[in-house]
Each structure stands twice: as C-alpha cells, then as structure tokens.
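The chain contents come next:
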Amino acid sequence: MGHFISPILFLMLIFSCSNPETTIHVSIQGECDELLYTNPELDICYEKFMEKVSMDKDIELKFLLSENKFMLIQTPVLEKRYILPMESGESYRLDIHENNQVYVSGPNKDGIELYQSVMQYEAGKLDWAQFKGNLSSETMMKVEGFKQKELSGFKKLLAEKKITDSFYRLIEKDRDCFYAFVLSYLLSQDMLRMYRNDSDQERKDGLLTDLSHVFMEYPTNDKKLMPSPSWHSYALLTDIKLYRQYSKRNVDENNIERLFSPENGSFWFEEMKESFSGSTLEAILAIYINENNNHISTPFSENMLPVYDYFNNHFPQSKYSIYIKDQMNNNIEFFMEREFDPSFTFMPESKDDRLSAILSQMKGKKVLVKIWSIGNLNQYGEFKKDDSAEVILQDQNVQPLYIYLDENQNMQKLWKAAIFKNNLKGVHVKAHESLIAELREIHEKGHLEDDIFSNPWYILIDEKGEIDQLIKKGKTKPAVPTGSVFIDFEGVDPFDLGKKRKLSDYIGKDYLIVDFWASWCAPCIIGMDNLSEVYDKYKGKGLEIVGVIVSDKIESNLEMQKKLQLPWPQIFDPTKDKIRELYGISSIPTLLLINKDGKIILRTQRGKDISDKIEELLSK
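The structure contained in this document is the topic of the report that follows. (Residues numbered from 1 in each chain as written. Predicted model: local features only at pLDDT ≥ 70, side-chain atom pairs only at ≥ 80, totals over all residues. Heavy atoms only, no water.)

Quick word on the sheet that holds strand β7 (residues 91–96)
- If you walk across this open sheet you meet the four strands as β4-β1-β7-β8, and the pairing is mixed. The open sheet has two free edges, formed respectively by β4 (58–64) and β8 (102–105), since each of these has just one partner strand. With direction set aside, neighbouring strand axes in the sheet form an average angle of 20°. (Pairing = 2+ DSSP bridges. Helix = DSSP H or I, 4+ residues; strand = E, 2+ residues; numbered from the N terminus. Axes fitted to C-alpha atoms, helices over the stretch in contact; angles between N-to-C directions.)

Structural notes on the nonpolar core
- With 115 residues, the main nonpolar core has Trp-231, Tyr-246, Met-272, Ile-513, Phe-516, Tyr-583 and Ile-614 as its most contacted residues.
- The element best represented in this core is helix α4 (residues 165–196), accounting for 14 residues. (Core = buried A, V, L, I, M, F, W, Y, C linked by side-chain atoms within 4.5 Å. Buried < 20%, exposed > 50% of the residue type's maximum accessible area, 1.4 Å probe, protein only.)

A look at the pairing of β4
- Of the two faces of β4, the one lined by Ile-59, Leu-61 and Phe-63 is fully buried and the one lined by Asp-58, Glu-60, Lys-62 and Leu-64 carries no buried residue.
- Both strand β1 (residues 21–28) and β4 contribute to a ladder of seven bridges, which runs antiparallel. Pairing of Ile-24 across the sheet is with Leu-61, part of β4.

Let's talk about empty space enclosed by the protein
- Summed over the entire model, instances satisfying the criterion amount to one cavity of 30 Å³ or more.
- There is about 40 Å³ of room inside the largest cavity.
- Looking at the largest cavity, the residues that line it are Met-191, Tyr-195, Gln-201, Lys-204, Asp-205, Leu-208, Tyr-246 and Arg-249.
- Elements with a minimum of two residues in the lining of the largest cavity: α4 and α5 (201–217).
- Per-element accounting of the lining of the largest cavity gives the leading share, four residues, to α5.
- Grouping the amino acids of the lining of the largest cavity by side-chain chemistry returns four nonpolar, one polar and three charged. (1 Å grid on protein atoms, 1.4 Å probe; cavity = no way out; pocket = protein on both sides within 12 Å on 5 of 7 lines; lining within 4 Å. Points joined across faces, edges and corners; volume = space filled by probe spheres on them. Nonpolar A, V, L, I, M, F, W, Y, C, P; charged D, E, K, R; others polar.)

Considering the pattern of salt bridges
- If you walk through the whole model with that rule in mind, you get 25 salt bridges.
- For Arg-175, the salt bridge goes to Asp-174, with nearest N and O atoms at 2.9 Å.
- Note that Glu-282 and Lys-319 form a salt bridge whose closest N and O atoms lie 3.9 Å from each other. Within this pair, whereas Glu-282 is found in helix α8 (residues 278–291), its partner Lys-319 is found in the loop between α9 (305–314) and α10 (321–335), the two being separated by 37 residues in sequence.
- With a relative accessible area of 9%, Glu-282 lands in the buried category.
- On the basis of relative accessibility, which here comes to 34%, the residue Lys-319 falls in the partly exposed class.
- What emerges from the salt-bridge pattern is a single network uniting Asp-239, Arg-244, Lys-248, Glu-271 and Glu-274. (Salt bridge = Lys/Arg side-chain N within 4 Å of Asp/Glu carboxyl O.)

A short note on helix α18 (residues 554–564)
- For α18, every residue scored as buried is listed here: Ile-554, Glu-555, Asn-557, Leu-558, Glu-559, Met-560 and Gln-561.
- Summarising the contacts, the buried residues of α18 are in contact with α4, β16 (496–502), β17 (511–517), α16 (522–526), β18 (543–549) and β19 (570–572).
- Backbone geometry just after α18 places Gln-565 at a positive phi near 55°. (Contact = heavy atoms within 4.5 Å.)

This is the structure:
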C-alpha cells in the first residue's frame, strides 16, 4: 500500500532540499561586542546592507542558501573586511585573532585562503595605474592578464581536487564581474578625458565600441554575477551612470561634470527600469536608494520620490526594505510636508535670542544644550551614542535643546531636513550673531579646545538656568594645532585619479591656504566666494590655495567644481577619512594658513579669519 504525502509536506521537503542549511561558527580573540556581516540569503553582497549581532567570544550563524554565496564580515578587531566565499549546505569556522589574522576551516579551505589575496574594489585602495596601457586595447589585455593570473591559482587547486567545481565557478563569476568593472571604469575614465579635451567624435565612437563589448560579454543583468561583491559598482556606477549616458548621448559637452549630477536621476531611473527586471531590478533600485540617502548630513532629495513610489509598489515585500525604509519614509514625509512629530519643536525666532531668554521658555527644567552644525562630520553619531551626554538625558527632568550654528542664515530648508533625517528630537533653535557670540564666550571661558564650530559640544543647564557643566565630544584625535609644522599626506588629482598629489607639493610659497571641504557641505560652498576674493587679490603676491576634498564622492565633487570654477589645485582623499583623521578634523570647512617654512600659523573654520590674516600679512 502506498503512503500519501500531503502537498504542504511535499513542498516543505522540496524547500529544505533546495535550500540546505549553511553554518558559520565565528570565534573572536580579544574584546569584541559585535559582529557585522552581509546576509548571504540576499541576492547581493553589498557592504551597506549589513546585519549586526551582539557577541561575547563565539557565535553561530545559520542560513538557508539555494546557491553558493559570498559573505562580508567586519568586526572592531579586524582592520579590514573579510570576504568569505562559501558553498551552500556546508559548515565553516572562522577564528579572528587580535593580530588581524583570520583562520578558516571547512570545505574549500585552500580556495578561501587564496581568495583573500585577490584584488577587490575599495575606495582608495586599488591602484588603477597598474592596469593602464597607452591604448584601450593594451588596457584590455592588461586587465585580462591580471584576471587569468588570479584564476590560474584556483585552476591549480581544482586540478589538485582541493576545491570543488561549484566553488571554482563562484570564484570565476566573481572575477568576471570584478575585472569587467575594472575595465569598464578605466574605459569610462578615458571617455571622460576625451570629452574634457574635446576629442573628435570618431575616437569617442571607437572607445564606446570597446565599452559596449564589455557589457555585452558580461551583462550586468546576469543573475550569476549578482553574488559578487563588485556587482553593485559594476551595475550602478559604470553601467547606468557612465556607459548608458555615453551610449545614449545624455552628455552635456559644455559641462561634462554634469554626467554625475543628481539632475540625471530621472535618466538613471528609466535606464534601470529598462535594463533590469525581477531580482536584478529590485537589487539595483535598493542600492540606488541607499546611495542617495546614505550621507547623514546631506539633505533629502525630492527627485527620489518617484523611485521610492515605484520600489514600494513593485516590491512591497522586498527583503532589502529593512535597510532603506526608514530613510525612504522620512524623505517622503518631509517632501509631502506632513506635520512634524510633536517631539520635534522649533522655537520661533525672537529679537532677544540670548541663551537666558531661550532657557526661560524651557519651564525651569534641567536642559542639555547640544551645539551643532550641518558641516560637522561626527555629531550625528555622537548624538546617538550612549556616552556621558546621553546618560544625562535619562533623568526625567532633562530636556534636550539643539542650537544650530551657522553664520549664513539662508539655510532654513537644509537645517530642518538634517534634523528630520537624523531624528534629532527635541527643541531646536537657530543661532544668530548675538547668540553665536555669547556661545563663543562660554566656550572660551570653559577652556574647551578648538573653535565653537568644532562641534558637537554640550552645556548642561540646571533648574535655575545656570551652567552646571560643559562637555566637549566628537574629536577624532588631537588636532594639528596652530604653531606646529604641517604633516604631509598624499591624495589624488580629482580629475585624474591615477595621479598622486601631496600637500608638500604646494609648500614653498610665502603663504598657503589649505581648505578642507566637500561638495555636500553648504557652509564650505558659501565660503568659496571669500576664498576666491583673497585668491584673486594675492595670487601673484606669494599666496597659493589648495583644496583638500574629504568625506566626499568623486562624481558629486567634480560636478560642484565645475559649477564653482575653482582656479586653485585640489587633492582628493580617495579613502574619504584618512586625511581628515590625520588632522583631527571633526567639522568642515576647516582652513589652515601655512608659511613657506611649513609652519601652521592659523587654523580656523571661518574664512573671514583667514582673509583678515592674509590682509594683515600681504597688504603691507
């Protein structure tokens, strides 16, 4: 007699067979309270979509995988990310040591260890010059040579039966994706240079043909490429934002830097819908949404609303929603002009904006005053930390009061957007000149380091409205102060990322102004007019200026430079933060004035301080 199996049980059996359990046991030496990792059950391995789990020493992660995947792992112990290629249904063990070493055991162990030596794309950590040839054909041959050299090691392991066929195929597709990205990026940069140099159309067409061959051989909508950690860069940056615009002539030849402008968002959106479908479209839209909302101090973008609407309608149950829904919903609410949550309170402007007058409206409670500005790079994280300032707020009688500092008073929309986007609940005041002067006096009397604009910093006010305590937070490391000799650093030419530039290249003029800035920083942009006036007046009298671009995206910065028409040289920090951290910069703009001997004679965040000092030194 036969046995009847219910349809539900039958489907469960099929699902459990097609999605076997994959186990990863992680053990960490040294102090570590959390582990970050990409979920391999997603179709993509994208470093911005990470899970966080609390841990002591050991943890076991379990996943149901239908195919082989990559998982990116990061801990405070590791100085760099670790990428684990793994087969579905297998068990692995990772031992992470304090010496930054990761020891792995499990299937394909030799292949996993070899994979740690292959090239990966991380901003500022890939030497593009090694791939370049004089002609595009030479570049293509070099790139292919690098790929085959890497694959040869895995082929040897395969022949020795130290890795499986399926593991090799995972690596092969990953290398296809990575080197397709490398080649398409290099050819796209060559195309960009042709437009800048006004090259003839025949040369552009020839280069476009080479680019087309890359995307024809390795189409970005190929689901087999999606697990690669390089897929998001290949699909969104070099395909949608570069190649598609070149191929469809969506290029303003009089302003080539507009290629990277958010104004092209509608074009990119339509190209994504046309070029991708199903799971590839879902993934690329999620990445696009994240990358347009991932900078904590960038205001909301209204042109993203149609993208959100489309994503929510077509992928209502998307597994990516947990990574993007909060910012997406905040953006929608902000531009739909819904009423602010009552926990966001904006104090009306008054002729009397003294601190005592503001505090008199706080009904005699203790107040924690948080001083901040949009240009600060650390404050949002500081506001969310359970540090000494936040512990104070656990007292029921303490109210948070945010005082926004900016000497430029035309930023109302930007100010409110930053508050709402970063969930800064509390009472908000925008400081004018008299309140700024009062805060500066409090700051100086408290002997706090740096300028008041090097925020965040805090004032604890007692029930009587008197200052109880000053707290300075958010410094990355001791700054290179006025009176010290400059510390050299190396970045790249933003218009030619293969060309190195050092700060020492510009030391030697009577006076050098070093301007640390970014394209998203409104105070930085507003201050450029003052710098331009100083530069025009004294550039032939011993003055040089060099801009240092920090915490910024290259495409956004190039677009801004085109608008500003800055005449002085620029150094781009491809790591985004190393140079900033070297100089202990917690907010921008930050400006240095260095003499010909390399001594820093002024460090400030006010362009007027610099211009006044230059007037004093060079007008004689």
